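Commentary on secondary and tertiary structure
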Amino acid sequence: MPRSVRDVVFVDGVRTPFGKAGGMYAETRADDLVIRCIRELLHRNPALPPERVEEVAIAATTQIGDQGLTLGRTAALLSGLPKTVPGFSIDRMCAGAMTAVTSVAGGIAMGSYDIAIAGGVEHMGRHPMGEGVDPNPRILAEKLVDPSALVMGATAENLHDRVPNVTKERCDAFALASQEKVAKAYADGKIQPDLVSMATRDDEGGWGLATVDEAPRSTSMEKLATLRTPFRPHGKVSAGNAAGINDGATAAILADADTARELGLPVAMTLVQYAYVGVEPEIMGYGPVPAAEKALKKAGLTIDDIGLFELNEAFAVQVLAFLDHFDIADDDPRVNPWGGAIAIGHPLASSGIRLMTQLARQFAERPDVRYGMNAMCIGIGMGAAVIWENPHWEGQK
């Protein structure tokens, strides 16, 4: 029996402030971070009866300890959702939350459920990437991948080799711009509306409250030029032009468009298309390029149709390689207008929804823009891209 595919909408998204590994969340459980996000989503959207949520998908890269035990289910239970609401966990490394969104979107589009919550969490201070893993020795013994593929910073240096026009100076300039844009976005009140405060505790038993990101800092080209390049002597990747090691969580509500209208839920974005691709693992940062090309082709669009980009800044070279491929200027105002992960941080599996939430906010301010894109590179050689349509687009009125 033929079935029509339903429109999927992004209703709302939130995140905790992102912390530095070993910083403000050192004594905070990972699962409590994402539970806080789910609770805030329910609080912010009282028109959504909790029993109407039919799935919870939560991503974590290192699924161990307080990031394990089928986190989607346990987070659903601990956030106050009815026991009838199922949940599951996802791991696609950096694109975990993004995959959580597109996975539940597929279920919604098929009519398997009407409303779902997707999220992601990474407590890199407690669970460093790769903790407890046992890579199959065949990966290296049979030369399936270059050994550098297992070190993300090394893959960024490899990408520099492939795109020699992306110099360290360009990367440092892009990183400085990211810091400055985040500072301005905070000053203008752009970021705060989707941050949820998080109770924190120090190692002496004292309590605090996290209300802003911990990682943004003041810097300069002169300071950035002095930083070590730990992945290669005289290399180009430094702590200044790459995202840090961070803790944080995100969550979002996805729904069928008709159900959102029925309940009076806001519609922030409509899903157009998405794509995941594989690339050579040793240059994983190039992944967003073929992912974007695939998503655009499937959507029947070109890069010129995209009016806003929220690109994950795992490394400056990864974003600049993307921009060069599509002939987009380093300082194009469509790209990460409120800054990105170099300043804010990149708690791996949670970052995809941060990109989506910021794009949704920008859509509301930009009725002249019809389409926007989220894209990110993914460890072990993958890339992802998601295209959204702006429901506020003035051309449809």
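Residues numbered from 1 in each chain as written. Predicted model: local features only at pLDDT ≥ 70, side-chain atom pairs only at ≥ 80, totals over all residues. Heavy atoms only, no water.

Description of helix α10 (residues 316-325)
Owing to its 3.6 residues per turn, the α-helix brings residues three or four apart onto one side. Condition: Relative accessible area decides the class of each residue, using a 1.4 Å probe on protein chains only: under 20% of the type maximum gives buried, over 50% gives exposed, and in between gives partly exposed. Each helix is a run of H or I in the DSSP string that is no shorter than four residues. Each strand is a run of E no shorter than two, and both are numbered from the N terminus.
The element α10 is largely enclosed, with a buried count of 8 among its 10 residues. D327, located one to two residues past α10, shows a positive phi value of around 55°.

A few points about the packing of aromatic side chains
Convention followed: Stacked, tilted and edge-to-face are the three classes applied to pairs of Phe, Tyr and Trp rings, where Trp contributes its six-membered ring and a pair requires centres within 6.5 Å; stacked means planes under 30 degrees apart, edge-to-face means over 60, and tilted covers the rest.
Here the structure, examined in full by the defined rule, presents 4 aromatic pairs. Seen in terms of ring centroids, F309 and F322 are 6.2 Å apart; in terms of plane orientation they differ by 75°. Their pairing is edge-to-face. Highlighted residues: F309 in strand β10 (residues 306-311) and F322 in helix α10, separated in sequence by 13 residues. Judged by relative accessible area, which is 1%, F322 ranks as buried. Ring centres 4.9 Å apart and planes at 55° place the aromatic pair F322 and F326 in the tilted group. Here F322 matches F326 in class, with each residue buried. The structure contains a cluster of three or more aromatic residues connected by ring pairs, namely F309, F322 and F326.

Points about the UniProt feature "active site" (unreviewed entry) in the chain
Heads up, the condition is: UniProt positions are given in the numbering used here, feature names are shortened, and annotations may be inferred rather than shown by experiment. A cavity here means a set of 1 Å grid points, computed over protein atoms only, where a 1.4 Å probe fits but cannot escape. A pocket is an open set with protein on both sides within 12 Å along at least 5 of 7 lines, and lining residues have an atom within 4 Å of a point.
When the UniProt feature table is mapped to this numbering, "active site" (unreviewed entry) covers C94, H346 and C377. Taken along the chain, the residues just named run across 284 residues; in space they keep tight, none of their C-alpha pairs more than 11.8 Å apart. When only the residues just named are considered, the largest pocket is lined by C94 and H346. By the secondary structure assignment, H346 is in the loop between α11 (341-344) and α12 (351-365).

Describing the side chain of S238
Test applied: Contacts are residue-level and defined by heavy atoms, with any inter-residue pair within 4.5 Å sufficient.
On the secondary structure map, S238 appears in the loop between α7 (221-225) and β8 (246-256). With sequence-adjacent residues up to four places away left out, S238 is seen in contact with D172, L227, R228 and P230.

Topic: empty space enclosed by the protein
Formally: Grid points are joined across faces, edges and corners, and a volume is the space filled by probe spheres set on the points. Throughout, the ten residues Ala, Val, Leu, Ile, Met, Phe, Trp, Tyr, Cys and Pro are labelled nonpolar, Asp, Glu, Lys and Arg are labelled charged, and all others, Gly among them, are labelled polar.
Summed over the entire model, instances satisfying the criterion amount to 1 cavity of 30 Å³ or more. Contributing to the lining of the largest cavity are R15, K190, I191, D194, L195, W338, R354, T357, Q358 and R361. Element by element, the count of residues in the lining of the largest cavity is highest for α12, at 4 residues. When its residues are assigned to classes, the lining of the largest cavity shows 3 nonpolar, 2 polar and 5 charged.

What to know about the side chain of Q318
To keep things clear, this is the line we draw: Two N or O atoms count as a polar contact when they lie within 3.5 Å, although within protein this holds only if one can serve as hydrogen donor and the other as acceptor, and sequence-adjacent residues are included solely when both atoms are side-chain atoms.
With respect to the helices, strands and loops of the structure, Q318 is situated in helix α10. Looking at Q318, its side chain comes within polar contact range of the main-chain oxygen of N312, at 2.9 Å. Setting aside anything within four residues of it in sequence, one finds Q318 in contact with L159, G285, P288, N312, E313 and C377.

Observations regarding helix α1 (residues 30-44)
Rules: Take the number of residues in a helix, subtract one, and multiply by 1.5 Å to get its expected span.
Over its 15 residues, α1 extends 22 Å from the first C-alpha to the last, a length consistent with the 21 Å expected when each residue adds 1.5 Å. Among all positions of α1, only A30, D31, L33, V34, I35, C37, I38, E40, L41 and L42 are buried. If you follow the buried residues of α1, they end up packed against β1 (8-15), β3 (56-59), α2 (71-78), β5 (115-123), β6 (198-201) and β8.

Concerning the pattern of salt bridges
What counts, and what does not: Think of a salt bridge as a Lys or Arg side-chain nitrogen and an Asp or Glu carboxyl oxygen that are within 4 Å of each other.
This model, assessed by the stated rule, comprises 22 salt bridges. The salt bridge partner of D194 is R44, with a shortest N-O separation of 2.9 Å. A residue pair is termed long-range when its members are at least 10 positions apart, and D194 in the loop between α6 (168-187) and β6 and R44 in helix α1 qualify at 150 residues. Looking at R44, the relative accessible area reads 26%, which means it is partly exposed. Overlapping salt bridges, with partners in common, bring together D12, R44, D194 and R361 in one network.

Re the packing of α6 against α10
Going by this rule: Here, axes are lines fitted to C-alpha atoms. For helices the fit covers the stretch in contact, and angles between N-to-C directions go from 0 to 180 degrees. Roughly parallel means an angle under 35 degrees; roughly antiparallel, over 145; roughly perpendicular, 65 to 115; everything else is oblique.
For the pair α6 and α10, interaxial distance at closest approach is 9 Å and the crossing angle is 100°. Taken together, α6 and α10 sit at an angle that is classed as roughly perpendicular. Mapping the contact onto sequence places R170, C171 and F174 in α6 and A316, V317, V319, L320 and D324 in α10. Residue composition of the contact of α6 with α10, by class: 6 nonpolar, no polar and 2 charged.

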